[in-house]
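# Chains, contacts and geometry: an overview
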Amino acid sequence: MVGMSVITLDDLSVANITTLLNKARYIDTHRREVAHTCDGRVLATLFYEPSTRTRLSFETAMLRLGGQVIGFAGAQLASVTKGESISDTLKTVSNYVDVVAIRHPKEGAALVAAEAASVPVINAGDGGHMHPTQTLADLATLQSRFGRVNDLTIGLCGDLTFGRTVHSLIETLCRFGNVRFILISPKELRTPQYVLNRINATPSCSYEEVSDLTSVIGDLDALYMTRVQKERFFNEDDYLRLRDTYILDEAKLALAKPDMAVLHPLPRVNEIAKDVDNDPRAAYFEQVKNGMLMRMALESSVLGDTLPGFDAFENKEVAA
Amino acid sequence: MVGMSVITLDDLSVANITTLLNKARYIDTHRREVAHTCDGRVLATLFYEPSTRTRLSFETAMLRLGGQVIGFAGAQLASVTKGESISDTLKTVSNYVDVVAIRHPKEGAALVAAEAASVPVINAGDGGHMHPTQTLADLATLQSRFGRVNDLTIGLCGDLTFGRTVHSLIETLCRFGNVRFILISPKELRTPQYVLNRINATPSCSYEEVSDLTSVIGDLDALYMTRVQKERFFNEDDYLRLRDTYILDEAKLALAKPDMAVLHPLPRVNEIAKDVDNDPRAAYFEQVKNGMLMRMALESSVLGDTLPGFDAFENKEVAA
Amino acid sequence: MVGMSVITLDDLSVANITTLLNKARYIDTHRREVAHTCDGRVLATLFYEPSTRTRLSFETAMLRLGGQVIGFAGAQLASVTKGESISDTLKTVSNYVDVVAIRHPKEGAALVAAEAASVPVINAGDGGHMHPTQTLADLATLQSRFGRVNDLTIGLCGDLTFGRTVHSLIETLCRFGNVRFILISPKELRTPQYVLNRINATPSCSYEEVSDLTSVIGDLDALYMTRVQKERFFNEDDYLRLRDTYILDEAKLALAKPDMAVLHPLPRVNEIAKDVDNDPRAAYFEQVKNGMLMRMALESSVLGDTLPGFDAFENKEVAA
């Protein structure tokens with residue numbers, strides 16, 4: 001992965017993703033050993049729209065590896081956009097840093113950035129496109145809970161039409177194969193056909209579409225919750241009627257397997273009740289940690305910085 | 001203090017504060033020795049309202065100890081507040097960092113943050129509540145000027161009704177005892193009764209209320225100046241009549257003891273004339289330095305990071 | 001240069017600038033050797049108006065030397081300006097950091113800052129005044145392309161009336177001497193008389209004023225392009241007629257020497273066509289790198305931090 005830009009998950013092979021998952025697991029238990037992996041490196045976080053949680057995750061990842069960070073976010077960017085193209089900004093910043101994380105409201109901006117830059121660029125979200133490190137965080141959470149990202153029954157619940165994190169997750173899981181998807185949504189917010197086609201094209205994967213969470217929750221290994229936004233509905237009545245169906249609380253959770261994992265890309269509004277937070281099945285704050293770990297794995301990989309001790313760890317794993 | 005959150009000064013015992021004062025003194029003269037105390041640590045500065053001077057002080061403190069900083073301030077926070085509770089933000093950020101400094105416009109926000117976080121939280125100001133590290137800076141300045149924080153006559157001058165730094169300082173000095181307070185203010189801006197009660201409840205402390213600075217300045221060991229804001233007055237005439245009485249200049253300072261210390265929480269507007277800055281009695285920029293030193297002492301203490309050489313230093317002090 | 005503030009280029013002697021040029025050259029080829037030159041140092045970037053590219057350059061420079069950075073930019077500064085003078089802010093910040101880079105919309109602000117601060121202050125732009133590190137970047141680019149900053153024919157093209165970077169460059173080159181200036185602009189945007197006087201006062205320098213780029217481009221060793229802003233013209237017709245004359249593209253570049261260097265202070269709008277970027281004569285992104293290198297040289301010099309190995313390098317150069 002050395003020198004590679006990561007704009008969509010297709011830039012990473014299944015083997016690449018597997019390596020990143022292994023690296024994340026290693027980093028989590030070897031914080032001190034990896035703390036100087038990126039000594040002398042500098043990351044630029046170029047956030048043309050604010051996304052504080054994503055920015056802080058990328059930045060912490062680099063700091064925890066011994067590197068440094070420069071950048072801008074939201075309101076500070078006035079002087080950057082003033083008459084300067086993304087290409088020119090990236091050609092400039094390539095003189096300062098070793099790797100860039102970019103967030104931009106326009107689709108395609110991250111690709112333009114990667115083409116102009118002479119250093120690796122990681123897409124931290126551009127318009128409606130994918131946000132690859134969010135999906136990496138989701139995969140790492142399945143991996144840490146189940147020791148695998150396939151051979152699982154995974155429920156995806158809520159807004160399956162507009163929630164791009166679920167589309168990206170489904171597509172990536174199809175590359176690993178052997179997943180049964182339970183797609184739980186009101187009829188207004190069903191999964192788009194192109195995503196269903198992707199599942200259909202994968203012999204080892206299958207799906208069911210249902211509208212009731214409680215009827216299927218008992219079958220699930222993992223439940224991926226998403227926000228159901230009021231403005232997606234045709235009228236207020238439909239929204240009010242349906243909303244509660246897609247709120248996860250301890251009552252609904254009582255019907256689930258004792259080791260089911262609850263994921264959510266965060267921030268949540270009210271689709272997971274507070275009382276779920278202390279349930280051991282709640283995995284969404286772990287997911288935040290996994291996001292940081294995967295960003296550490298990715299940043300060090302595209303920089304070509306070797307994690308001390310990782311090779312021995314991986315060989316031992318393979319031998320075992 | 002390891003793992004402790006500091007929301008108000010009541011979270012710190014007199015013994016804790018004494019240790020912090022000793023640590024600050026040690027740090028000031030052993031900058032190089034302590035420069036790696038917090039290697040590998042990360043501080044988050046979560047400033048939901050801008051307070052640049054406070055933020056820079058917390059950040060410098062961590063950097064001077066070898067740690068790193070992430071965070072947001074003011075305009076960058078849009079995406080954080082967008083539908084996410086303080087609790088969820090703190091649960092997220094707890095996955096990234098080792099200690100948090102939070103500033104928020106709402107009273108109680110820092111406590112909510114501390115309860116959600118799994119790492120220590122330091123209150124950098126929330127609404128009308130206390131701002132404990134400001135008072136720590138004030139105490140460190142008395143300590144550095146007089147070698148003690150009691151056995152002193154301390155004048156507090158200006159707006160004693162709304163100035164929360166003076167209330168916090170009085171209450172904390174009462175815990176140390178043996179302080180005589182001279183409360184100097186126009187009648188419109190007198191010290192609130194609950195603060196006077198606190199002094200009355202401390203046998204070793206006493207107070208007098210006066211309206212004229214010049215008549216008492218000669219008695220003072222320290223003079224704590226505050227801003228007198230125009231909008232606190234019922235009418236412009238009163239303001240104009242009284243304002244100058246509470247401006248400290250070289251003429252008034254000529255009446256003071258040669259080793260009196262002038263403190264001010266800063267920023268000042270015009271309540272201390274520029275010509276006072278070069279007077280050796282001016283201690284308000286020293287106070288800024290002491291604020292940073294006390295934040296270094298506090299950050300390292302709640303992290304449980306030992307200052308190299310401090311134990312030997314402290315034992316020698318006790319023996320002497 | 002230890003402890004020196006740099007507000008205008010006149011603060012630096014020709015010998016100082018020569019040392020900085022040598023240091024920048026050394027740093028570029030000895031990145032690893034200098035990576036800990038400023039360990040333990042902290043830079044404050046106080047940007048009272050946003051200027052992201054300049055801020056990132058100053059910050060990267062300090063990080064690449066092993067130091068750390070605090071600061072504010074644009075929207076974050078509300079609390080700083082609120083009733084506090086630049087002097088008080090600098091007296092405060094002097095307690096936190098070892099060196100300051102300041103940007104302010106008002107002329108003279110950097111000088112006021114330097115007078116109040118107890119640490120070195122570097123002007124990163126104040127109002128219409130000079131921006132000394134931009135000119136240092138320009139000089140370093142000539143030095144790296146030609147091995148010298150004199151004995152050159154230098155074209156300056158575009159808006160020579162309002163472009164303060166060209167005035168500063170001309171004045172500084174006159175101090176080195178032996179430069180022939182070709183001043184290429186529409187008659188509305190000619191070089192001011194005081195700059196021409198500066199050239200006239202330098203026996204070894206000369207100038208010609210022309211309005212056509214193509215007729216002189218073949219004579220040039222270096223071509224310094226600037227923006228021609230629409231609002232500088234009396235009417236739209238003049239603007240449209242003249243604009244294209246001052247756009248550099250591959251067709252015009254075909255008339256130039258094979259080793260001519262194209263400089264531009266950036267950001268560009270459309271005065272250099274994209275197709276020029278891949279021409280080896282394009283030096284404007286190199287200029288960005290040189291800006292960072294000169295800031296590394298300057299920051300370490302005013303801090304008195306010795307670049308490991310530089311003295312031996314310099315002695316060898318002198319001997320050769």
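Residues numbered from 1 in each chain as written. Chains lettered and ligands numbered in written order. Predicted model: local features only at pLDDT ≥ 70, side-chain atom pairs only at ≥ 80, totals over all residues. Heavy atoms only, no water.

Identification of chain A as Aspartate carbamoyltransferase from Bifidobacterium pseudolongum subsp. globosum is taken from an unreviewed UniProt entry. In UniProt, chain A has this text filed under Subunit (unreviewed entry): "Heterododecamer (2C3:3R2) of six catalytic PyrB chains organized as two trimers (C3), and six regulatory PyrI chains organized as three dimers (R2)." Check the Sequence similarities (unreviewed entry) section of the UniProt entry for chain A; it says "Belongs to the aspartate/ornithine carbamoyltransferase superfamily. ATCase family." (UniProt positions renumbered as here; feature names shortened; annotations may be inferred.)

## As for the UniProt feature "binding site: L-aspartate" (unreviewed entry) in chain A
Taking the numbering used here, the UniProt-annotated feature "binding site: L-aspartate" (unreviewed entry) corresponds to Lys82, Arg164 and Arg227 of chain A. Apart from the residues lying within four places of it in its own chain, the contact partners of Arg227 of chain A are Asp159, His264, Leu266, Pro267, Arg268, Val269 and Glu271 of chain A. (Contact = heavy atoms within 4.5 Å.)

## So, the sheet that holds strand β1 (residues 42-47) of chain C
Residues and elements named next belong to chain C. Spatially, β2-β1-β3-β4 is the arrangement adopted by the four strands of the open sheet, whose pairing is parallel. Single-partner strands in this sheet number two, and they are β2 (68-73) and β4 (121-126). Neighbour to neighbour, the strand axes of the sheet diverge by 10° on average, direction disregarded. In the packing of helix α2 (residues 52-64) onto the sheet, the strands contacted are β1, β2, β3 (99-104) and β4, and the crossing angle to β1 comes to about 175°. The sheet contacts of helix α12 (residues 284-303) involve β1, β3 and β4, and relative to β4 the element is tilted by about 140°. (Pairing = 2+ DSSP bridges. Helix = DSSP H or I, 4+ residues; strand = E, 2+ residues; numbered from the N terminus. Axes fitted to C-alpha atoms, helices over the stretch in contact; angles between N-to-C directions.)

## Some details on the interface of chain C and chain B
The interface is formed by 25 residues belonging to chain C together with 26 residues belonging to chain B. In this assembly, chain C packs against chain B so that about 2100 Å² is buried in total across both faces, 51% of it on carbon and sulfur atoms. The interface formed by chain C and chain B holds five salt bridges in total. Two residues, Arg268 of chain B and Asp88 of chain C, come together in a salt bridge whose shortest N-O distance is 2.6 Å. Going through the elements one at a time, β2, α3 (78-81) and α4 (86-93) of chain C are the ones with two or more residues in the side of chain C that touches chain B. For the side of chain C that touches chain B, the leading source of residues is β2 of chain C, giving five residues. Across the side of chain C that touches chain B, the residue classes tally to nine nonpolar, ten polar and six charged. (Buried area = accessible area lost by both parts, 1.4 Å probe. Salt bridge = Lys/Arg side-chain N within 4 Å of Asp/Glu carboxyl O. Nonpolar A, V, L, I, M, F, W, Y, C, P; charged D, E, K, R; others polar.)

## Considerations on the domain arrangement of chain A
Residue and element names in this part refer to chain A. Taken as a whole, chain A is organised into domain 1 (9-129 + 291-308) and domain 2 (133-276). The straight-line distance from the C-alpha centre of domain 1 to that of domain 2 is 27 Å. Between domain 1 and domain 2, the residue contacts involve 21 residues of the former and 16 residues of the latter. Three residues stand out in domain 1 for area buried against domain 2, namely Leu9, Leu21 and Arg53, and they jointly supply 34% of the buried area on that side. Across the domain 1-domain 2 interface, the total number found is one salt bridge. We note a salt bridge from Asp10 to Arg175, for which the minimum N-O separation is 3.9 Å. (Domains from an automatic or database assignment.)

## Let's talk about the packing of helix α2 (residues 52-64) of chain B against helix α12 (residues 284-303) of chain B
All names here are of chain B. For the pair α2 and α12, interaxial distance at closest approach is 8 Å and the crossing angle is 60°. In terms of orientation, α2 and α12 fall into the oblique class. In the packing of α2 onto α12, the handedness of the crossing is right-handed. On α12, the residues that touch Thr54, Ser57, Phe58, Thr60, Ala61, Met62 and Arg64 of α2 are Gly291, Met292, Arg295, Met296, Glu299 and Leu303. Grouping the constituent residues of the contact of α2 with α12 by class yields six nonpolar, four polar and three charged. (Parallel < 35°, antiparallel > 145°, perpendicular 65-115°, else oblique. Left-handed = near helix turned anticlockwise from the far one by under 90°.)

## Brief notes about the packing of aromatic side chains
Residue and element names in this part refer to chain A. According to the stated counting rule, one finds 15 aromatic pairs over all chains in the structure shown. With 4.9 Å between their ring centres and 55° between their planes, Tyr26 and Phe313 make a pair best called tilted. Residue Tyr26 is located in helix α1 (residues 14-29), and its partner Phe313 is located in helix α12 (residues 310-319); the two are separated by 287 residues in the primary sequence. Across this residue pair, the class does not change: Tyr26 and Phe313 are buried. Members of the aromatic cluster, connected to one another through ring pairs, are Tyr26, Phe310 and Phe313. Just above the ring of Phe58 sits the side chain of Arg295; from NZ or CZ to the centre is 4.9 Å. (Phe/Tyr/Trp six-rings, centres within 6.5 Å; stacked < 30°, edge-to-face > 60°. Buried < 20%, exposed > 50% of the residue type's maximum accessible area, 1.4 Å probe, protein only. Lys NZ or Arg CZ within 6 Å of the ring centre and 35° of its normal.)

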